[in-house]
Amino acid sequence: NALAKLNVMLIEVGEKEEAFKNEHMDNFSKAKSEGDTETQNRIIKEYSKLTKENNKNYIAFIEENPNSLICAELFPVILKDQDVKAKDLKPVYDKMGPEPKATEMGQKVETYLNQMLANEKAMEATEVGKTAPDFSAATPNGKTLSLKQAKGKVTVIDFWASWCGPCRKENPNV
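Presented here is a report on the structure given in the accompanying data block. (Residues numbered from 1 in each chain as written. Predicted model: local features only at pLDDT ≥ 70, side-chain atom pairs only at ≥ 80, totals over all residues. Heavy atoms only, no water.)

## A word on the environment of N55
Inspection of the secondary structure assignment puts N55 in helix α2 (residues 37-64). The class of N55 is buried, set by a relative accessible area of 6%. Note: C-alpha distance between N55 and L79 (24 residues apart in sequence) is 9.0 Å. Ignoring sequence-local partners within four residues, the contact set of N55 consists of V77, I78, D81 and V84. (Helix = DSSP H or I, 4+ residues; strand = E, 2+ residues; numbered from the N terminus. Buried < 20%, exposed > 50% of the residue type's maximum accessible area, 1.4 Å probe, protein only. Contact = heavy atoms within 4.5 Å.)

## Some words on the side chain of H24
Turning to its location among the elements, H24 is positioned in helix α1 (residues 2-34). In terms of polar contacts, H24 uses its side chain to reach the side chain of E46, at 3.2 Å. Each residue touching H24, except ones within four places of it in the same chain, is listed here: I43 and E46. (Polar contact = N/O pair within 3.5 Å; in protein donor to acceptor, adjacent residues only side chain to side chain.)

## What about the layout of surface pockets?
Considered as a void within the structure, the largest pocket measures approximately 490 Å³ in volume. The wall of the largest pocket is formed by 17 residues, among which A137, A138, V156, I157 and D158 lie closest to the centre. At the level of secondary structure, the elements contributing two or more residues to the lining of the largest pocket comprise β1 (136-138) and β2 (144-146). Among the residues forming the lining of the largest pocket, the class breakdown is 12 nonpolar, 4 polar and 1 charged. When its volume is computed, the second largest pocket comes out at roughly 290 Å³. Contributing elements (two or more residues each) for the lining of the second largest pocket: α1 and α2. With 7 residues, the single largest contributor to the lining of the second largest pocket is α2. (1 Å grid on protein atoms, 1.4 Å probe; cavity = no way out; pocket = protein on both sides within 12 Å on 5 of 7 lines; lining within 4 Å. Points joined across faces, edges and corners; volume = space filled by probe spheres on them. Nonpolar A, V, L, I, M, F, W, Y, C, P; charged D, E, K, R; others polar.)

## Some points on the environment of K21
When you line up the elements, K21 lands in helix α1. Taking C-alpha positions, K21 is 9.2 Å from Y47, a pair spaced 26 residues apart along the chain.

Here is the structure:
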């Protein structure tokens, strides 16, 4: 029974997390109060390793039980890991059966993963060293100019935010 397997797994995960907390919480609190970022980062890295191990188990459970309705409920747990990439997780979602995908959570997960995929693609398109995507903006004269139109010319692009005090002070000089 898939639910029984998941319950066993969740108990094991809970025990591992509790043991980790018992072993590291005092050291982390002490390091934080003393400004010891090296110790804090080491503990965070160890916890991240534990999280990734747990996520591997959750993903294996989903792949082994693709038609179980509970599978969709595991995605929010996996997505708590900030290092998780939609391009890695979407194929796992796609392997699920139609029943878990049709649940409210299944639909929310699909929407979220699709948004993540779009964001990841946008981030890849703007990585350092890549050709900048074309866009248009107003010139100081009020005309619209695209980056493509400025190609081959010396171009200074100043990105600023209206909420940024130093940016606003610099505006008259731009």
